[in-house]
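The chain contents come next:
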2 protein chains.
Amino acid sequence: MAKTTTSSQAITYKQAGVDIDAGDAMVQLIKPMVQATHNPRVMDNFGGFAGLFRLDFGEKLFRKQYRDPVLAACTDGVGTKLKIAFLMDKLDTVGIDLVAMSVNDLVCGGAEPLFFLDYLATGKLDPRRMAEIVKGITDGCRQSNCALLGGETAEMPSFYKPKEFDLAGFAVGVVERARIVDGSTTEPGDIAIGLASDGLHSNGYGLARRVLLEMAGYKVTDCPAELGGSSIGEEMLRPTRIYVKAVLDVLQKYKVKRPVKAMAHITGGGLPGNLPRVLPEGLTVRVKEDAWPVPPIFSLIARKGPVDSIEMKRVFNMGVGYVMIVAPNFARSILASLHRDGQRAWIIGKVKKGGPELQWH
Amino acid sequence: MAKTTTSSQAITYKQAGVDIDAGDAMVQLIKPMVQATHNPRVMDNFGGFAGLFRLDFGEKLFRKQYRDPVLAACTDGVGTKLKIAFLMDKLDTVGIDLVAMSVNDLVCGGAEPLFFLDYLATGKLDPRRMAEIVKGITDGCRQSNCALLGGETAEMPSFYKPKEFDLAGFAVGVVERARIVDGSTTEPGDIAIGLASDGLHSNGYGLARRVLLEMAGYKVTDCPAELGGSSIGEEMLRPTRIYVKAVLDVLQKYKVKRPVKAMAHITGGGLPGNLPRVLPEGLTVRVKEDAWPVPPIFSLIARKGPVDSIEMKRVFNMGVGYVMIVAPNFARSILASLHRDGQRAWIIGKVKKGGPELQWH
């Protein structure tokens, strides 16, 4: 950046609220964190106009796995969960949520994440605070084995309060065309496996904040007995679980027999809004409601609203963050593989004729 | 989405400010526009968890052009130019800006855009207004020949005013590794060709709004004589020019001799902030200041601030939206190719030893 001087009466860009030098300072702070997510397929281009990622690095290895590669791409944000981060002034985990929201969507189709980009818009560009946010993003990238290939930080004083910000994330992955998981082979008798969530994840915060912080009047530092020692803020800020490694391990292990028929990331809309999206017409899942423990944060919200149990299910994940629909003969061994990968997971239901609404029993 | 009923005392997600059904209505409105950007490489997955793009469609054709494909990815927003769209309540062109900001960055490295995703966050999800925004995005995608592969619309009532929104965009392209344009072959004597901008594009709005709307007190409907008939609002909302087709035509035409050494998209930071980024150390460009006409909007801002001429150059594109550094023997024919493609373009300077600051004369 060329340094310039201006006459004292004249107005400058910095006086108008945008600080280009702070942007440069931030770039220096985040550089080592970003580079720690890189692999030999990332081409060194820091400061260039685009991030570059070699598709054919180790050409034979790539070609062996991908004869007809299909790129998969997702975008998402963190929503009003960010307000909890503002209230607690804890910025280093919402980046994990940001990555989780996109990469968990990506693996639903069977895609392996390759790289991620972030958009961060704020009222005032404070390099140290921005670097904390990027730290969470790089943590999420390392958990899902994808490179943080680029990002944009926008200082928009008239849009956001000085200490507030919004985040958007974009993930690109690759899947062999013949191995796309699209739900089409699902049939009656298939088993639904639910993977445990770590609480609210990144959806339903409009309702959760309204009930807990406004109607019930909790402060983020309050520790209601139901939460067993966690504060309201800790519980509401807990990062979204990233399922990438556990899911890709299962797909890799069973890549010949392909018992995984369909997968759904349980986000806004809950099980009723997300599971039917991946089922063929005429099929539904009969969900066994007591098959898994509902985390206490959900019972607390339901009671403090009160929020009707049907509405609760339509808004929140209720303890199941990801669902795999699998062939019945493989259900037990897939469950065991998930457990070995450190996931809590349960058989939560069975595919039946009917739908599109889920059946509950 | 499963329909549900709730008891009358209980609170619902919609009462808490988030309307899932409006999201579904929006998806129906934008579906035909989005599909018009698609090509046979886009796999039909509307409503799925990820957008899917076949890399090897027409396998032989792709392999013929790409033996060692490198993916390029960019992200950007529109910044506070959005405020002008709010003031004028004209929403159907900021999407062109959004696409332009990313795809113009993408072609700087020589990459051909493949697909685009958008993130749209707003205070209140009004399906008709959101569809207008998406119309602009699809216009931009068609101008740059890329598919709108996915997007996220977030309703965040506590972040944005009901009629306001923020936008982020994400573009992915591909370039043959041996044909990446990275500036490394630039040498003294090379020629800088400037491509005309269409005014402010999407940068410097913090300063432009402060000077024109606050200090000078213009309304967006005012038509100062300098602007030759355009209103302040029309001039400030004019979409960012998309250079993709013109640039790719030049690269394709000269793909054997490769006279294009470096390219820069002139955004925030102006020529001094963007051109040095693509030059090897020890080289600079001697810019001939009177080589192109500065559009009247810039003179108006400089006079009404007043804004120092050095600061003007550091913030605004001053009429040059994109620069190509080319071998001197090819400068005239490349210029002619750009003119045939409908671009106004001029020789604006020459590469010299020195730098990193640009030299002006």
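Residues numbered from 1 in each chain as written. Chains lettered and ligands numbered in written order. Predicted model: local features only at pLDDT ≥ 70, side-chain atom pairs only at ≥ 80, totals over all residues. Heavy atoms only, no water.

### Comments concerning the overall build of chain A
And then number 1: A tally of helices and strands in chain A yields 12 helices and 12 strands.
And then number 2: Taking 2.2 N^0.38 as the reference for a compact globule, 361 residues should give roughly 21 Å; the C-alpha atoms of chain A span a radius of gyration of 22 Å, in line with that estimate.
And then number 3: Counting only C-alpha atoms, chain A reaches 75 × 60 × 35 Å along its principal axes.
And then number 4: In chain A, 84% of the contacts between residues at least 6 apart in sequence involve partners at least 24 apart.
And then number 5: Counting every atom, chain A has about 13,800 Å² of accessible surface; 51% of that belongs to carbon and sulfur. (Helix = DSSP H or I, 4+ residues; strand = E, 2+ residues; numbered from the N terminus. Rg over C-alpha atoms; globule rule 2.2 N^0.38 Å. Contact = heavy atoms within 4.5 Å. Areas by Shrake-Rupley, 256 points an atom, 1.4 Å probe, with all protein chains shown as cover.)

### Focus on the pairing of strand β3 (residues 69-77) of chain A
And then number 1: With nine of nine residues buried, β3 of chain A is to be regarded as a mostly interior element.
And then number 2: Along β3 of chain A, one buried face is formed by Pro69, Leu71, Ala73, Thr75 and Gly77 of chain A and the opposite face, lined by Val70, Ala72, Cys74 and Asp76 of chain A, is buried too.
And then number 3: Judged from the four bridges that link them, β3 of chain A and strand β2 (residues 51-54) of chain B form a sheet pairing that is antiparallel. Across the sheet, the residue bridging to leucine 71 of chain A is phenylalanine 53 of chain B, located in β2 of chain B. (Buried < 20%, exposed > 50% of the residue type's maximum accessible area, 1.4 Å probe, protein only. Pairing = 2+ DSSP bridges.)

### Section: the domain arrangement of chain A
Residues and elements named next belong to chain A.
And then number 1: Its domain assignment divides chain A into domain 1 (20-179) and domain 2 (191-360).
And then number 2: Using C-alpha coordinates to define each centre, domain 1 is positioned 24 Å away from domain 2.
And then number 3: Every contact between the two is made by 30 residues of domain 1 and, on the other side, 29 residues of domain 2.
And then number 4: Where domain 1 abuts domain 2, roughly 2,400 Å² becomes buried across the two surfaces, and 69% of that area is made up of carbon and sulfur atoms.
And then number 5: Considering only the side of domain 1, the residues that lose the most area to domain 2 are Lys81, Ile84 and Asn104, jointly responsible for 24% of the buried surface there.
And then number 6: Linking domain 1 with domain 2 are zero salt bridges.
And then number 7: The tally of links between domain 1 and domain 2 comes to 10 residue pairs in polar contact (both at pLDDT 80 or more).
And then number 8: Put simply, the parts of the chain that give the side of domain 1 that touches domain 2 at least two residues each are α3 (82-88), α4 (94-108), β4 (112-122) and α5 (127-143).
And then number 9: The element best represented in the side of domain 1 that touches domain 2 is α4, accounting for 11 residues.
And then number 10: For the side of domain 1 that touches domain 2, the class distribution of residues is 16 nonpolar, seven polar and seven charged. (Domains from an automatic or database assignment. Buried area = accessible area lost by both parts, 1.4 Å probe. Salt bridge = Lys/Arg side-chain N within 4 Å of Asp/Glu carboxyl O. Polar contact = N/O pair within 3.5 Å; in protein donor to acceptor, adjacent residues only side chain to side chain. Nonpolar A, V, L, I, M, F, W, Y, C, P; charged D, E, K, R; others polar.)

### Points about a positive patch on the surface
And then number 1: Taken together, the side chains of Lys64, Arg179, Lys255 and Arg258 of chain B make up a positively charged region of the molecular surface.
And then number 2: Here arginine 179 of chain B is to be found in the loop between β6 (165-176) and β7 (191-196). (Patch = residues over 30% accessible without salt bridge, like charges linked within 9 Å, V, L, I, M, F, W, Y side chains within 5 Å. Lys, Arg positive; Asp, Glu negative; His and termini not counted. Charge placed at Lys NZ, Arg CZ, Asp CG, Glu CD.)

### Regarding the packing of helix α6 (residues 205-215) of chain B against helix α10 (residues 296-304) of chain B
Packed helix pairs are specified by the crossing angle of their axes together with the interaxial distance, meaning the distance between the axes.
Residue and element names in this part refer to chain B.
And then number 1: Two numbers describe how α6 lies on α10: the axes approach to 9 Å, and their chain directions differ by 70°. The angle between α6 and α10 places the two elements in the roughly perpendicular class. Here the hand of the crossing between α6 and α10 comes out left-handed. On α10, the residues that touch Ala208, Val211 and Leu212 of α6 are Ile297, Leu300, Ile301 and Lys304.
And then number 2: Within the contact of α6 with α10, the residues separate by chemical class into six nonpolar, no polar and one charged. (Axes fitted to C-alpha atoms, helices over the stretch in contact; angles between N-to-C directions. Parallel < 35°, antiparallel > 145°, perpendicular 65-115°, else oblique. Left-handed = near helix turned anticlockwise from the far one by under 90°.)

### Description of the packing of aromatic side chains
Given two aromatic rings, one states the distance between the centres and the angle between the planes to describe the pair.
And then number 1: Considering all chains together, one arrives at 16 aromatic pairs over all chains under this definition.
And then number 2: Ring geometry for phenylalanine 53 of chain A and phenylalanine 115 of chain A: centres 5.3 Å apart, planes at 50°, overall tilted. Of this pair, phenylalanine 53 of chain A sits in strand β2 (residues 51-54) while phenylalanine 115 of chain A sits in strand β4, and the two are 62 residues apart along the sequence.
And then number 3: Accessibility expressed as a relative area gives 1% for phenylalanine 53 of chain A, which makes it buried.
And then number 4: Centre to centre, the rings of phenylalanine 86 of chain A and phenylalanine 165 of chain A are 5.0 Å apart; their planes meet at 75°, and the pair counts as edge-to-face. Taken as a pair, phenylalanine 86 of chain A in helix α3 and phenylalanine 165 of chain A in strand β6 (residues 165-176) lie far apart in primary sequence, 79 residues in all.
And then number 5: Accessibility expressed as a relative area gives 1% for phenylalanine 165 of chain A, which makes it buried.
And then number 6: Grouped by ring-pair contacts, the aromatic residues Phe86, Phe159, Tyr160 and Phe165 of chain A together with Phe86, Phe159, Tyr160 and Phe165 of chain B constitute a single cluster. (Phe/Tyr/Trp six-rings, centres within 6.5 Å; stacked < 30°, edge-to-face > 60°.)

### Looking at the interface of chain A and chain B
And then number 1: On the chain B side, the residues contacting the 92 residues of chain A number 93 residues.
And then number 2: By the criterion of area lost to chain B, the three top residues of chain A are Ile11, Phe49 and Phe159 of chain A, representing 12% of everything that side buries.
And then number 3: The interface formed by chain A and chain B contains two salt bridges.
And then number 4: Ionic pairing is found between aspartate 68 of chain A and arginine 54 of chain B, a salt bridge with its closest N-O pair at 2.7 Å.
And then number 5: Remark: the boundary between chain A and chain B carries 17 residue pairs in polar contact (both at pLDDT 80 or more).
And then number 6: When residues of the side of chain A that touches chain B are assigned to their parent elements, the largest contribution, nine residues, is made by β3 of chain A.
And then number 7: The residue makeup of the side of chain A that touches chain B, split by class, is 49 nonpolar, 21 polar and 22 charged.

### What about the side chain of aspartate 105 of chain B?
And then number 1: Structurally, the position occupied by aspartate 105 of chain B is in helix α4 (residues 94-108).
And then number 2: Comment: no salt bridge for buried aspartate 105 of chain B; closest opposite-charge side chain is arginine 277 of chain B, at 6.2 Å.
And then number 3: Not counting chain neighbours up to four residues away, the residues in contact with aspartate 105 of chain B comprise Phe49 and Ala50 of chain A together with Cys74 and His265 of chain B.

### Observations concerning the sheet that holds β2 of chain B
And then number 1: Ordered in space as β5(A)-β4(A)-β6(A)-β3(A)-β2(B)-β1(B), the six strands form an open sheet in which the pairing is mixed. Two strands lie at the open edges of the sheet, namely β5 (147-155) of chain A together with β1 (42-43) of chain B, each paired on one side alone.
And then number 2: Its contacts with the sheet place α4 of chain A against β3, β4 and β6 of chain A, and it is angled at close to 30° to β6 of chain A.

### Looking at unusual backbone geometry
Residue and element names in this part refer to chain A.
And then number 1: Here the amide bond leading from glycine 355 into proline 356 is cis, since omega sits at 5°, within 30 degrees of zero.
And then number 2: With respect to the helices, strands and loops of the structure, proline 356 is situated in the loop between β11 (345-353) and β12 (359-360).
And then number 3: Phi at aspartate 89 takes a positive value of approximately 50°, unusual for a residue other than glycine.
And then number 4: Among the secondary structure elements, aspartate 89 is positioned in the loop between α3 and α4.

### Quick notes on the sheet that holds β2 of chain A
And then number 1: Strand order in this open sheet of six strands is β1(A)-β2(A)-β3(B)-β6(B)-β4(B)-β5(B), and the pairing throughout is mixed. Taken across any chain shown, the strands that pair with only one partner, and hence form the sheet edges, are β1 (42-43) of chain A together with β5 (147-155) of chain B.
And then number 2: Across the sheet, α4 of chain B lies against β3 (69-77), β4 (112-122) and β6 of chain B, angled at about 30° from β6 of chain B, the strand it touches most.
And then number 3: Relative to β4 of chain B, helix α5 (residues 127-143) of chain B is tilted by about 165°, and along the sheet it contacts β4, β5 and β6 of chain B.

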